[in-house]
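# Descriptive structure summary
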Amino acid sequence: MQCKSIKPFPDNFLWGSASASFQAEGAAHEDGKGDSVMDVRVQDPSICNYEVAADHYHHYKEDVALMKECGLKAYRFSIAWTRIFPNGNGEVNEKGVAFYNDLINELVSAGITPIVTIYHFDYPQALVDQYGGWLNRKSIDDYVNYASFLFRTYGDRVKYWLTVNEQDHVVHMPFRLGLTDDDRHEKERLGFLANHNMCVAGSLAVKACHEIVEGGKIGPAVCFDMLYPTSNKPEDGLAWMDAMDIRNYYVLDMNVRGEYNGAFRRYLEDRNMYPEFDPSDMEIMKANKPDFIGFNYYASKSISAYPLNENTKIGDIEFKLLPDKEAGIYQVVKNTNLNATLWGWEIDDTGLQCVCRLLWDRYHLPLLITENGFGNKETWPEEGILQDDDRIDFLTRHLHNVKEAMNLGVEFIGYCTWSFTDIVSGHSGFSKRYGFVYVNRTEHDLRDLARRKKKSFYWYQETIRNNGENI
Ligand code: BG6
């Protein structure tokens with residue numbers, strides 16, 4: 001709604017930026033680090049791997065100094081599980097432990113609040129080899145042991161923790177679970193089994209964090225695209241509702257309410273994908289609610305009904321990375337009202353306000369926006385600095401919607417842009433940049449990896465300085 005006036009951001013609002021270990025650090029085989037599923041995946045050779053990335057492992061002091069100069073109040077990063085436990089369990093790698101101690105100390109002395117993601121896609125390959133990874137219940141113990149080790153080691157300085165990044169995406173991306181066979185339906189079934197085990201593991205990590213970290217706060221970091229019904233046809237409205245339950249709410253409903261929502265459960269049962277488990281799992285989830293909801297927001301999607309016809313049957317799915325058409329339920333269609341990034345992600349700042357309000361209404365937990373950003377193809381100009389006005393516009397509009405949601409009563413902990421320096425994109429290598437700071441390398445030419453401040457760096461610096469008054 002349009003309000004008469006707009007209240008400012010609170011003084012304790014965490015203005016942050018985010019990254020993930022495998023996308024930022026590089027040093028993929030240094031100082032005893034073990035392989036993760038991201039290191040061993042087979043990928044398009046035209047895209048860079050994670051061997052060097054933005055070389056944050058060797059540049060972290062410089063990067064933190066830049067964060068301090070920008071005025072960041074928080075930095076969200078993930079810990080590479082295989083730097084701490086190269087085999088996923090068993091022996092600790094002291095050099096890996098030392099790296100994160102140094103990084104955390106550097107942040108704390110720069111006055112930047114660390115927000116740590118325990119697991120962001122880079123699952124230990126050794127656990128897949130040992131027992132099938134997340135498909136096996138042993139994975140729950142190993143995750144909780146690893147998380148508890150982090151709480152004991154860093155919990156004196158780290159008070160904000162995130163359990164799992166984008167679990168709702170991981171379960172649909174077989175290679176991130178270490179799965180290699182070709183049967184996509186079977187992979188979906190296994191993905192939902194992994195989902196269940198991750199939910200139990202995440203809830204036990206909430207418990208451990210509350211027991212070990214004095215004043216610790218912990219929550220999930222899901223991906224939450226806004227979905228809209230494409231038309232005012234009632235069947236599109238129904239398809240939208242189904243899609244919200246089975247694409248968007250299902251992980252949070254398990255994390256926060258300790259339940260499979262009705263539509264999601266029926267969806268799984270109809271497809272023989274509802275996992276077998278002991279009812280005590282749901283008690284664990286119910287008893288260990290997160291303290292906040294972390295979510296990544298990039299885009300919205302438009303949803304239409306997709307009724308069964310003579311060529312389709314229940315269980316048929318078409319994928320575009322994630323399920324795109326679910327026979328008998330919904331399909332994602334292009335939203336002609338929105339512009340999109342070069343990768344077709346529909347740009348929708350209003351959608352962010354909608355998501356904030358929906359999540360607040362459903363769960364009544366404070367929100368931490370763990371990622372939001374604009375990916376673009378960028379090259380450093382011959383003269384002057386990189387004028388990334390599109391990014392500034394994107395972030396300004398999205399932040400304005402956060403401010404509006406706040407004015408309507410939604411509680412926020414903070415907001416992290418994706419990303420601070422350029423890092424390797426999840427699917428598009430170094431050709432898709434998100435940072436305020438340009439990293440001088442290309443897909444396969446490492447150049448000097450020098451850091452250069454883009455125009456958006458100064459915009460964010462000013463935004464933080466005036467606590468979002470310009471938004
Ligand atoms: C989120 C992930 O899905 O989106 C990040 O948590 C990822 O790891 C980000 O990098 C942006 O996606 P992409 O594919 O543009 O890098």
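One can find the structure itself at the top, above this paragraph.
All figures in this text were calculated on a predicted structure; none of them were measured in a lab.

### Observations concerning the pairing of strand S1 (residues 14–18)
- Here S1 lies mainly inside the structure; five of its five residues are buried.
- Where burial is concerned, the two faces of S1 agree: the one with Leu14, Gly16 and Ala18 and the one with Trp15 and Ser17 are both buried.
- Relative to strand S13 (residues 412–418), S1 runs parallel, the two sharing five bridges. Its bridge partner being in S13, Gly16 is matched across the sheet by Cys416.
- Here S1 runs beside strand S2 (residues 74–78); their pairing, made up of three bridges, is parallel. Residue Gly16 lies in a different strand from S2, and its bridge partner there is Ala74.

### Looking at helix H14 (residues 389–407)
- Between its first and last C-alpha atoms H14 spans 27 Å; for 19 residues at 1.5 Å apiece the expected length is 27 Å, and the two agree.
- Those residues of H14 that sit buried are Arg391, Ile392, Phe394, Leu395, His398, Leu399, Asn401, Val402, Lys403, Ala405, Met406 and Asn407.

### Here we look at the pattern of salt bridges
- According to the stated counting rule, one finds 25 salt bridges in the structure shown.
- Of the charged contacts in the structure, one is a salt bridge between Glu378 and Arg391, with a shortest N-O distance of 2.9 Å. Separated by 13 residues along the polypeptide, Glu378 in the loop between strand S12 (367–371) and H14 and Arg391 in helix H14 bring together distant segments of the chain.
- What makes Glu378 buried here is its relative accessible area of 12%.
- Residue Arg391 is classed as buried on the basis of its relative accessible area, which comes to 1%.
- Each of the salt bridges in this network shares a partner with another, and the network as a whole consists of Glu378, Asp388, Arg391, Asp422, Arg433 and Lys454.

### Here we look at the sheet that holds strand S8 (residues 300–306)
- Overall, mixed pairing links the five strands, which are arranged S6-S8-S11-S10-S9 in an open sheet. Each having just a single partner strand, strand S6 (226–229) and strand S9 (317–320) make up the two edges of the open sheet. Taken pair by pair, the neighbouring strands of this sheet meet at an average axis angle of 45 degrees, ignoring direction.
- Pairing between S9 and strand S10 (residues 322–326): four bridges, direction antiparallel. Its bridge partner lying in S10, Lys320 is registered against Leu322.

### Focus: the site of the ligand
- Taken together, 15 residues form the shell around the ligand, and within it Gln23, Glu166, Gly426, Lys432 and Tyr434 come nearest.
- A distance of 2.9 Å separates an oxygen atom of the ligand from a polar side-chain atom of Asn165.
- Between the ligand and the protein, one listed contact pairs an oxygen atom with a side-chain N or O atom of Glu371 at 2.8 Å.
- Within the complex, 95% of the 380 Å² of free accessible area of the ligand lies under protein.
- Broken down by class, the residue content of the shell around the ligand amounts to five nonpolar, seven polar and three charged.

### Notes on the environment of Ser304
- Checked against the element boundaries, Ser304 lands in strand S8.
- Remark: the alpha-carbon pair of Ser304 and Gly26, spanning 278 residues in sequence, is separated by 42 Å.
- One polar contact links Ser304 to Thr230, side chain to side chain, over a distance of 3.1 Å.

Rules of the game
Residue numbering note: each chain is counted from 1, following its sequence as written. Thresholds applied to this predicted model are a pLDDT of at least 70 for local features of residues and 80 or more for the giving and counting of side-chain atom pairs; totals over whole chains, interfaces and linings are not thresholded and use all residues. Only hydrogens and water are removed before side-chain values are computed, so all heavy atoms of the structure are retained for them. Partly exposed describes any residue whose relative accessible area lies between the buried limit of under 20% and the exposed limit of over 50%, with all areas from a 1.4 Å probe on protein chains only and scaled to the type maximum. Helix and strand labels come from DSSP, where a helix needs a run of H or I of at least four residues and a strand needs a run of E of at least two; each type is numbered from the N terminus. One bridge is not enough; two strands pair if DSSP finds at least two bridges between them. Working rule for helices: expected span equals 1.5 Å times residues minus one. The term salt bridge refers to a pairing of a side-chain nitrogen on Lys or Arg with a carboxyl oxygen on Asp or Glu at a separation within 4 Å. Fitted lines through C-alpha atoms give the axes, limited to the stretch in contact for helices. The angle between two N-to-C directions lies from 0 to 180 degrees. We define proximity as follows: a residue is near a molecule or strand when any one of its heavy atoms falls within 4 Å of that partner. Polar contacts here mean pairs of N or O atoms no more than 3.5 Å apart (in protein, one a potential hydrogen donor and the other a potential acceptor; neighbouring residues in sequence count only if both atoms are side-chain atoms). We get accessible surface area from the Shrake-Rupley algorithm with a probe of 1.4 Å; when it comes to residues, only the shown protein chains can shield them. Each residue gets one of three labels, nonpolar for Ala, Val, Leu, Ile, Met, Phe, Trp, Tyr, Cys and Pro, charged for Asp, Glu, Lys and Arg, and polar for the others, Gly among them.

By themselves these figures say nothing about function.
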